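# Structural features, examined
This is what each chain is made of:
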Amino acid sequence: MEIAELNVAALRKMLDRREISAVELTNYYLDRIAQLDPDFRAFITVSREQALRMASAADQKLATGEGATALTGIPVAVKDNICTNGIRTTCASRLLADFTPIFDATVVAKLKQVGAVLLGKTNLDEFAMGSSTKESAYGLTPNPWDRRHVSGGSSSGSAVAVATGMVPLALGSDTGGSIRQPAAFCGVWGLKPTYGRVSRYGLVPYAPSLDQIGPIGRSTEDIFLLDRCIAGYDPLDPTSLPEQAAAAGIVTGSLRGLKVGLPRELFGDSLAMGVKERVMAVARELAAAGCILTELSLPSLQYALPTYYLLAYAEASSSMARYDGVRHGKRACSGSDVTGMMTATRQELGTEVKRRILLGTYFLGKDCYDDYYVRAQQVRTWMKADFAAAFTECDLLLSPTTATPAFTIDEEALDERALALTECYTVAANLTGIPALTFPCGFLNHLPVGAQLMAPAGAEQRLFQVASHWEAATKRQTRCAQGDQKGAFYEL
Amino acid sequence: MNYETVIGLEVHVQLKTKSKLWCGCATTFGAAPNSQVCPVCLGLPGSLPVLNQKAVELGVRTGLALNCTIAVCCRFDRKQYFYPDLPKGYQITQFHQPLGRGGWVEVPFAAGQRRVGITEIHLEEEAGRTAHFPPEADNPGYSLVDYNRSGLPLLEIVTAPELRSPEEARTMLETLKVLLEELEVTDGKMEEGSLRCDANLSVHRPGEPLGKRVELKNLNSFRAMEAALAFEAGRQGVLLTNGAPLDREEARTWNEAKRKTVFMRFKEQATDYRYFPEPDLPPVSIDGQWVERLAAGLPELPEARRGRYLREFRLPADDALLLSKNKAAAVFFEAVLGFYNGEAKTVSNWMLGDVTRLLKEEKIGFTDLKFGPEDLAALLSFLDRNEISGKIAKIVLAEMFQTGTPPAAIIHARGLFQINDPQAIKALVLETLAANGEAVRAYKSGKEKAVAFLVGDVMRKSKGRVNPELLDRILKFELAVDEIKDIGLD
Amino acid sequence: MLSLSAQQVKDLAAQALLGVTEEEIGVLSPAINQTLQSIEEIRKAPVSEGEPTVNGGEGGERLRADQVCLSCPQEAVLSNAPKQFDACFQTPLVLEE
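In every chain, residue numbers begin from 1 and rise along the written sequence. Here chains are named by letter from A upward and ligands by number from 1 upward, in the order in which they appear as written. Predicted model: local features are reported for residues with pLDDT of at least 70 only, side-chain atom pairs are reported and counted for 80 or more only, and whole-chain, interface and lining totals are derived from all residues.

## Digging into the interface of chain C and chain A
In this description, any two residues whose backbone-derived C-beta atoms lie within 7 Å of each other are considered to be in contact. Counting from both sides, the interface comprises 48 residues of chain C and, opposite them, 58 residues of chain A. Secondary structure elements follow DSSP: runs of H or I no shorter than four residues count as helices, runs of E no shorter than two count as strands, and numbering proceeds from the N terminus. Of all the secondary-structure elements, those providing two or more residues to the side of chain C that touches chain A are α1 (6-15), α2 (22-39) and β2 (88-92) of chain C. Here the residues of the side of chain C that touches chain A sort into 26 nonpolar, 14 polar and eight charged. Polar here means any residue other than Ala, Val, Leu, Ile, Met, Phe, Trp, Tyr, Cys and Pro, which are nonpolar, and Asp, Glu, Lys and Arg, which are charged; Gly is therefore polar.

Written out as structure tokens, the structure is:
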């Protein structure tokens, strides 16, 4: 089997048995990027030199055995809105084309500490605002299963890099579904962790009360390993949760008696028939494994989208205020006074980012604040209570990750409503702060379909356990996608 | 025409912490530009604020001293506007749930003591510093930004609009400054900007509703503040008198060079700051027991101290006020009393009299004194025991002040002990009488004033050391004896 | 029902110091009004009495001890400056109010 098809555990074995060195492994992936990425633009920056230096340091670590862990020598890609000291971090914006952070995000520092190898920075919608990388200043990253289709967003560079085997693992960020939607569209695994589980220090903010960094990989175990590495209390993030004992591995064993809830609101009419069938197949498999399926209702979900728009755009308008051309970024030359300079500099932002800033500015103004913005915050409270109540009836929730498989590139431009329907499956986890995991559960018209599991805050283990059970029971894994072959599962 | 002035203050206090409000950068004043800066106070994308516990503590201490209700849970909000010294495009402050509300402070105004309300106190971050370089012949002008100051912790104190004159506003600010310094929450250096003040002022005819208010900015010294308020009260008073009072709220700034307030903008034009709760910072719950401990640990504040001086030491009102409002003086005063068995009033007299005069001459304060409280106590004890005279005491004090030498050493070295031995005094008196037959005769012929000459002679010979009361009695006695001799009774 | 005219969108852009071209206004105005339409539903949500949720998680506040840490080297601080002078960030002149 090609190295690109191997999961982290297999790569680990090869490294530990010295069948391959970290430098060789890194070179393998760098070559693969050079070969495949011109078609995908999954990477904005490939940090070749640094990667080889890190790989050689990892080899030394492996030789001495000191401080070696599951990820030592394993290449990882990082979404380009996560700060990397000395490696430019563009957020896929023209404004930050030359911005080189002077510090590492905590997640990056943690990866470096265990000796993981940072291959480069991946494409996204500008400032993570979008669902297709249509909004990237560096070009659109197409779907690895069919280049006429989008790969989702905003962490599509990370999802595509993983799906095509250009890297075994990648970090994304998820504010309303930005890890899960592209992971589902690309047929890979993605986790949006509990809010506060992974430090946000160094994540360029979009909507700070919703943003979370999480892993994307090619199996449940792979994302488990990356999640375990990046999770943990960080004194630099005031919203960071207290340290929890790291799990040694994914809990295995019987799922008997586990109650799986199917929220009625997430199996409605807007759902593509084929998607529903494939998610229901997951439900049947879980039932066969002894899970108890419960249909339930989460009435607050009806308001999830307007709530998300109000809160996310309001916060975004504030997050984006710092790009004024004074301390960093590409300054516009026009403008004779400072206000003129700032206005001209910010003109370089893309239309979608501008749309969200304008809406957010309006939401926080006196016309909207009390009747709309505060109301959205109240709905958020209700939604948390609604989910808490649901979790007294069941242990986790199963739903589709998106209503349809990846749409075509034109379709996406045309139909914003369809896009909105996609987001409505994922935003609830951000609004309520709970963890959500997506895994591929089949193909529809040669494009992957994702299933989403949600659990109460802090119950990531339950998600890993169920997802890995399904993976093992169906003995399925996706092949590396290369852009135009017919996607299908193959039996291991 | 008769009109009344109403003033409220917004006082910005730089809290005395070692590190900034959200990050570990040092707070030292005067460092090289942009040398006390990190990703957090530079507002770099991805950086996050982590609240300094000490800033909360200092804020709570201040709130307690200002009799505020301390919030059980306070929050931070973002105040949004653009300015190059504001690195995130918003200032983190407290708008919806401030640290404290509804306090008051007793202020000793010239017209008498009165309580002034404190509307609220809240924590916020300081912005950087911008310097402007106006256009010249060959360049269009530019501005420079230094972020060393960015993120320093500030406490804003908002007073109720209860001050009635520029003088009262000044007294209020002075009272606050003393109180904040005593609490050790700030350096209170107006010249370094660690204490700054904006003011709101309006005028109205007695019995009529308040006029439109003007916000005055850039009041960077007590003098500037009083002058700006006086100018503004006069300006608005004239407008009111002319029947054309202000009809819009406005912001003005004090121009020190022109000695006048200058229009900045109308308030309704002011930006909508679009405050909203800071999502990066969880709410801060303030533990009631912690607050109680802080309250118990508060130092005695000038007002309480003044009351105690009146009660405990029976000081006159003026003495109590003067000693209590200056912490160094109060500390010294009470330390002297620890060594001294005499009247508190005596200590107060000397401290507010001769010691204060010497300090003023040298432009220094009580903490700069070369001698300690035990030395002043010793000096006053010598005086009380009649071992030196008041006149000598002043001489000794002057030397203590110059050199720090203890009074006993000065008195010994210079032989300044008072001569209290009647025999010794008698000997001196007889000597004088013998040598000054002229004066003696003048006295006997009824010229009472001649006594002063004879006293002066004895004092000259003794270098002023003779106990004046004893001298008076012995001299008069000896003169009488002399007279008896003259008429030959024995 | 909320809706914004092209002029109001321009005013918002001015408030956000966001340079926008006429062409962009043509795209943005309808897109903004579409979103405004979709958030109208929030007014029907049965939540009048509820407490607002501000933060993403349940974590309580974590305060920092008042300890000085090393600041960044001056050249690192200034490394991304579009323009600098005398170790300061230089900007076009701020027109005082």
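## Remarks on the packing of helix α9 (residues 373-384) of chain B against helix α10 (residues 390-403) of chain B
Two packed helices can be described by the angle between their axes and the distance between those axes. Residue and element names in this part refer to chain B. Between α9 and α10, whose axes approach to 10 Å, the crossing angle comes to 165°. Classified by the angle between their axes, α9 and α10 sit roughly antiparallel to one another. Crossing of α9 against α10: the hand is right-handed. Each of D375, L379 and L383 in α9 lies in contact with α10, whose residues at this interface are G390, A393, V396, L397 and M400. A class-by-class count of the residues in the contact of α9 with α10 yields six nonpolar, one polar and one charged. A fitted line through C-alpha atoms represents every axis, and for helices the fit uses only the stretch in contact; the resulting angles, taken between N-to-C directions, go from 0 to 180 degrees. In this scheme, roughly parallel covers angles under 35 degrees and roughly antiparallel covers those over 145, while 65 to 115 is roughly perpendicular and the rest are oblique. Left-handed describes a crossing whose near helix is turned anticlockwise from the far helix by less than a right angle; the clockwise case is right-handed.

## Structural notes on the domain arrangement of chain B
For chain B, the assigned domains read domain 1 (4-293), domain 2 (300-413) and domain 3 (422-486). The centre of domain 2 of chain B, based on its C-alpha atoms, is set 35 Å off from the matching centre of domain 3 of chain B. Domain segmentation is taken from an automatic or database assignment of domains.

## Looking at helix α1 (residues 8-16) of chain A
All names here are of chain A. Here the C-beta atoms are placed from the backbone, and a residue counts as buried if at least 20 other C-beta atoms lie within 10 Å of its own, exposed if 12 or fewer do, and partly exposed otherwise. Turning to α1, its buried residues are V8, L11 and L15. Angularly, the buried residues of α1 cover 60° about the axis, an arc narrow enough to put them on a single face. Exposed and facing more than 90 degrees away from the buried side of α1 are A9 and K13. Buried-residue contacts for α1 involve α2 (22-40), α3 (48-64), β6 (169-174) and α7 (220-230). Within two residues after α1, R18 carries a phi angle of roughly 60°, on the positive side. Starting at the helix axis, one direction is taken to each C-beta atom, and the arc is that of these directions.

## What about the packing of helix α2 (residues 166-183) of chain B against helix α3 (residues 222-241) of chain B?
All names here are of chain B. Packing of α2 against α3 brings their axes to within 8 Å, and their N-to-C directions diverge by 155°. Comparing their axes, α3 and α2 come out roughly antiparallel. In this structure, α2 crosses over α3, and the sense of that crossing is right-handed. Here P166, E167, A169, R170, L173 and E174 of α2 lie close against α3, whose contacting residues are F222, M225, E226, L229, A230 and A233. Of the residues belonging to the contact of α2 with α3, the class tally is eight nonpolar, no polar and four charged.

## A look at the nonpolar core
A general feature of soluble globular proteins is that nonpolar side chains tend to end up buried together. Take the buried Ala, Val, Leu, Ile, Met, Phe, Trp, Tyr and Cys residues, join any whose C-beta atoms are within 7 Å, and the set you get is a nonpolar core. With 246 residues, the main nonpolar core has V76(A), V117(A), L310(A), L358(A) and L453(A) as its most contacted residues. A per-element tally of this core places helix α9 (residues 304-319) of chain A first, with 10 residues. Ignoring sequence-local partners within four residues, the contact set of L358(A) consists of V9(C), L12(C), A13(C), A16(C), L18(C), L28(C) and I32(C). Among the nonpolar cores identified, the runner-up in size contains 32 residues, and L315(B), V355(B), L379(B) and L416(B) belong to it.

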